[in-house]
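Coordinates in review
Spelled out from the first residue to the last, the chains are:
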Amino acid sequence: LSDTIITFGDSDILLTPTSSNTADYTFTSSDSSVASITTTSTNTAEIRNLKVGTVTITIAQGADANYQAKTVTYTLRVNPLGVTVTPASTQSKTYGELDTTIGYTTSPNGALSNSSTVTFTGTLSRTSGTDAGTYSITIGTLTNTNYALTLTEVDYTINKRPITISAEAKTK
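Residues numbered from 1 in each chain as written. Predicted model: local features only at pLDDT ≥ 70, side-chain atom pairs only at ≥ 80, totals over all residues. Heavy atoms only, no water.

1. Quick word on unusual backbone geometry
Cis geometry marks the peptide bond from S107 to P108; its omega dihedral reads 0°. Examined against the element boundaries, P108 turns out to sit in the loop between β10 (104–107) and β11 (125–126). Despite not being glycine, S115 has its phi angle at roughly 75°, a positive value. Within the element layout of this structure, S115 appears in the loop between β10 and β11. (Helix = DSSP H or I, 4+ residues; strand = E, 2+ residues; numbered from the N terminus.)

2. Re the nonpolar core
If you look at the biggest cluster of nonpolar residues, it comprises 30 residues, and the most contacted ones within it are L15, I47, I57, L76, F120 and Y147. Counting residues per element, the ones that place at least two in this core are β3 (25–29), β5 (44–49), β6 (53–61), β7 (70–79), β8 (81–87), β12 (133–138) and β14 (155–159). What L15 contacts, discounting residues up to four positions off in sequence, is F27, N43, T44, A45, I47, I57, I59 and Y74. (Core = buried A, V, L, I, M, F, W, Y, C linked by side-chain atoms within 4.5 Å. Buried < 20%, exposed > 50% of the residue type's maximum accessible area, 1.4 Å probe, protein only. Contact = heavy atoms within 4.5 Å.)

3. Examining the packing of aromatic side chains
Following the criterion strictly, the structure yields four aromatic pairs and no others. Centroid distance Y104 to F120: 6.2 Å. Interplanar angle 70°. Geometry classified as edge-to-face. Of the two residues, Y104 sits in strand β10 while F120 sits in the loop between β10 and β11, which places them 16 residues apart along the sequence. On the basis of relative accessibility, which here comes to 17%, the residue F120 falls in the buried class. An aromatic cluster is present here, built from F8, Y104, F120 and Y147 joined pairwise through their rings. Directly above the aromatic system of Y135 lies the positively charged group of R126, at a separation of 4.9 Å from the ring centroid. (Phe/Tyr/Trp six-rings, centres within 6.5 Å; stacked < 30°, edge-to-face > 60°. Lys NZ or Arg CZ within 6 Å of the ring centre and 35° of its normal.)

4. Examining the pattern of salt bridges
Any two side chains of opposite charge can pair, on the condition that their charged atoms come close. Applying the stated criterion across every chain, the model contains four salt bridges. A salt bridge links D99 to R126; the shortest N-O distance between them is 2.9 Å. A residue pair is termed long-range when its members are at least 10 positions apart, and D99 in the loop between β9 (92–94) and β10 and R126 in strand β11 qualify at 27 residues. Taken together, the shared-partner salt bridges in this structure form one network comprising K93, D99 and R126. (Salt bridge = Lys/Arg side-chain N within 4 Å of Asp/Glu carboxyl O.)

5. As for the side chain of T106
Structurally, T106 is set in strand β10. Among the residues examined, T106 registers a relative accessible area of 14% and is labelled buried. A polar contact of 3.0 Å, which involves the side chain of T106, links it to the backbone oxygen of P108. Other than its neighbours up to four places away in sequence, T106 contacts V83, T84, V85, V118 and F120. (Polar contact = N/O pair within 3.5 Å; in protein donor to acceptor, adjacent residues only side chain to side chain.)

6. Considering the environment of S2
Its place among the elements puts S2 in the segment before β1 (4–7). Residues S2 and T40, spaced 38 residues apart in sequence, show a C-alpha to C-alpha distance of 21 Å.

7. Some points on the sheet that holds strand β13 (residues 147–151)
Judged by pairing direction, the sheet is mixed, and its three strands sit side by side in the order β10-β8-β13 without closing on themselves. Single-partner strands in this sheet number two, and they are β10 and β13. For this sheet the average axis-to-axis angle between neighbouring strands, irrespective of direction, equals 30°. Pairing of β8 with β10 involves four bridges; the strand directions are antiparallel. Bridge pairing in β10 links T86 to T105. (Pairing = 2+ DSSP bridges. Axes fitted to C-alpha atoms, helices over the stretch in contact; angles between N-to-C directions.)

Following this line, the structure appears as structure tokens:
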């Protein structure tokens, strides 16, 4: 085995070690919150990445009548998945109104190969200002440590407020 680098959301890794030894294998992860191992049969297991991080994967095989016990380890590093966040293209309000929540889509979106779903905490925001004009949308507090976020540039517009002028007829 060799050290392995994968990306969060990748499919499970199937472990199928072989040897002349007939003893059963055991499989362990040094941090099951990063990568969990499910033994699928006596001599195979699947590793599922659960979050970004680095773990040591250990495969151990006990001794049998003819062979000594053996343990091997390797490092599994789970890197963040690149996610593009694209604000909806029609983000605006009229001068004097409260800001609206800035909507967005992501790519990828939905379920990933490891059965996780692309989700975030926080919200997008915009550069400050209250006057009519165009303001850049920013990543704000949007976050999830399993993703490396890239924001597509879209502007937020504060439209001028229409004004109605009326006059009352007055006599002198």
